[in-house]
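# Observations on the three-dimensional arrangement
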Amino acid sequence: MLIGKDFDKIETNIFGFKFLEINALYGDTLIFIVALIFAYKVSKFGQKSPFFEYWKWFFIVFGVGFFVGGLGHFVFHYWGLPGKYASWYLGIVAVFFIERAILSIFPNHKWRQILNSFVLLKLFVAIITETLVLVFIDINQDPQKGLIVPSINTIIGLGVTVGVIGYYYQKTITPTFKYLWISALVLIPSAVFQSKKINFHQWFDRNDVSHVLLIISLLVYYKSIKGYYNYLKKLD
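Residues numbered from 1 in each chain as written. Predicted model: local features only at pLDDT ≥ 70, side-chain atom pairs only at ≥ 80, totals over all residues. Heavy atoms only, no water.

### Examining the overall build of the chain
Helix and strand content of the chain: nine helices and four strands. N-terminal to C-terminal, the α/β element order of the chain is β-β-β-α-α-α-α-α-α-α-α-β-α. Computed over C-alpha atoms, the radius of gyration of the chain comes to 19 Å, within 12% of the 18 Å expected from 2.2 N^0.38 for 236 residues, which places it in the range of a compact globule. In terms of principal-axis extent, the alpha carbons of the chain reach across some 60 × 35 × 35 Å. Going through the 236 residues of the chain one by one, you find that 43% of them count as buried. (Helix = DSSP H or I, 4+ residues; strand = E, 2+ residues; numbered from the N terminus. Rg over C-alpha atoms; globule rule 2.2 N^0.38 Å. Buried < 20%, exposed > 50% of the residue type's maximum accessible area, 1.4 Å probe, protein only.)

The structure is reproduced here in structure tokens:
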């Protein structure tokens, strides 16, 4: 176990090609598969409802983003840092779909329009800002700088929709919406493992811990979505 620093990255040679962090590829691929399973399940709830449609696209974009990110780690010797850019952009778009899903059932029409305009503006600002960072700032020395914009976008977007509005829906629509803000709590340990660089093993490092917590978070998301679906069925 290592705390405060990382294990050496796992290198794998296949047919003369050098690959990195095959464990990251495993974890990201697992997230991709789980996300697609939930996307399929949510699609069965009713494609005519924007709420379920947006959640379906969140799972798809989120899963694809992690799969591409896993490839970015795996073929880093050949793609370099640009191989990770797509996953950073897809992370921004995935948050947008969560925001639109939550706001699609906001009861006040006027405020729904205002908030939808805000999240659309935030999407464009985040994408443009991220592009400016990648173009004008040298992130080769510190690749974490490329994650600053997606991270801030996620904190703001999920803090308002999953956190504040999710709690509001819990009180006004159905108690199962509590799982939205609970999903955010699930990810708190991930921040601790990442910031303190707590690594259990070379084959199960801090990123792998985050992958496990993300899968649990996706499961909690789905539980909330299904709870709302069951609530609507009772109203029929």
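### Remarks on the environment of phenylalanine 124
Relative to the helices and strands, phenylalanine 124 is located in helix 5 (residues 109–136). Counting along the chain gives 121 residues from phenylalanine 124 to isoleucine 3, while the straight-line C-alpha distance between them is 38 Å.

### Observations concerning the packing of helix 7 (residues 178–186) against helix 9 (residues 206–235)
How two helices pack is summed up by the angle between their axes together with the distance between the axes. Interaxial distance between helix 7 and helix 9 falls to 8 Å at its minimum, and their mutual angle equals 175°. Between helix 7 and helix 9, the angle is such that the two are roughly antiparallel. On helix 9, the residues touching Tyr179, Leu180, Ile182, Ser183 and Val186 of helix 7 are Leu213, Ile216, Ser217, Val220, Tyr221, Lys223 and Ser224. (Axes fitted to C-alpha atoms, helices over the stretch in contact; angles between N-to-C directions. Parallel < 35°, antiparallel > 145°, perpendicular 65-115°, else oblique. Contact = heavy atoms within 4.5 Å.)

### Description of the pairing of strand 2 (residues 11–14)
Note: strand 2 against strand 3 (residues 17–20), four bridges, orientation antiparallel. Looking at strand 3, one finds that asparagine 13 is bridged to lysine 18. (Pairing = 2+ DSSP bridges.)

### Concerning the side chain of threonine 161
Residue placement: threonine 161 occurs in helix 6 (residues 148–172). At 2.6 Å, the side chain of threonine 161 forms a polar contact with the backbone oxygen of glycine 157. Each residue touching threonine 161, except ones within four places of it in the same chain, is listed here: Ile98, Glu99, Ile102 and Gly166. (Polar contact = N/O pair within 3.5 Å; in protein donor to acceptor, adjacent residues only side chain to side chain.)

### Structural notes on the pattern of salt bridges
Throughout the structure, instances matching the rule amount to two salt bridges. For glutamate 53, the salt bridge identified is with lysine 56, shortest N-O distance 3.2 Å. In this pair, glutamate 53 and lysine 56 both sit in helix 2 (residues 50–74), three residues apart, roughly one turn of the helix. With a shortest N-O distance of 2.7 Å, lysine 122 and glutamate 99 are connected by a salt bridge. Separated by 23 residues along the polypeptide, lysine 122 in helix 5 and glutamate 99 in helix 4 (residues 82–103) bring together distant segments of the chain. Glutamate 99 matches lysine 122 in its accessibility class, with the two residues each being buried. (Salt bridge = Lys/Arg side-chain N within 4 Å of Asp/Glu carboxyl O.)

### Some remarks on the packing of helix 2 against helix 9
Between helix 2 and helix 9, the shortest axis-to-axis distance is 11 Å and the interhelical angle comes to 170°. As the angle between them shows, helix 2 and helix 9 are arranged roughly antiparallel. Relative to helix 9, helix 2 is oriented so that their crossing is left-handed. In this structure, helix 2 uses Phe51, Phe52, Trp55, Phe58, Phe59, Phe62 and Phe66 to contact helix 9, whose residues at the interface are His211, Leu214, Leu218, Tyr221, Tyr222, Ile225, Tyr228, Tyr229 and Leu232. (Left-handed = near helix turned anticlockwise from the far one by under 90°.)

Nothing here speaks to function; it is geometry throughout.
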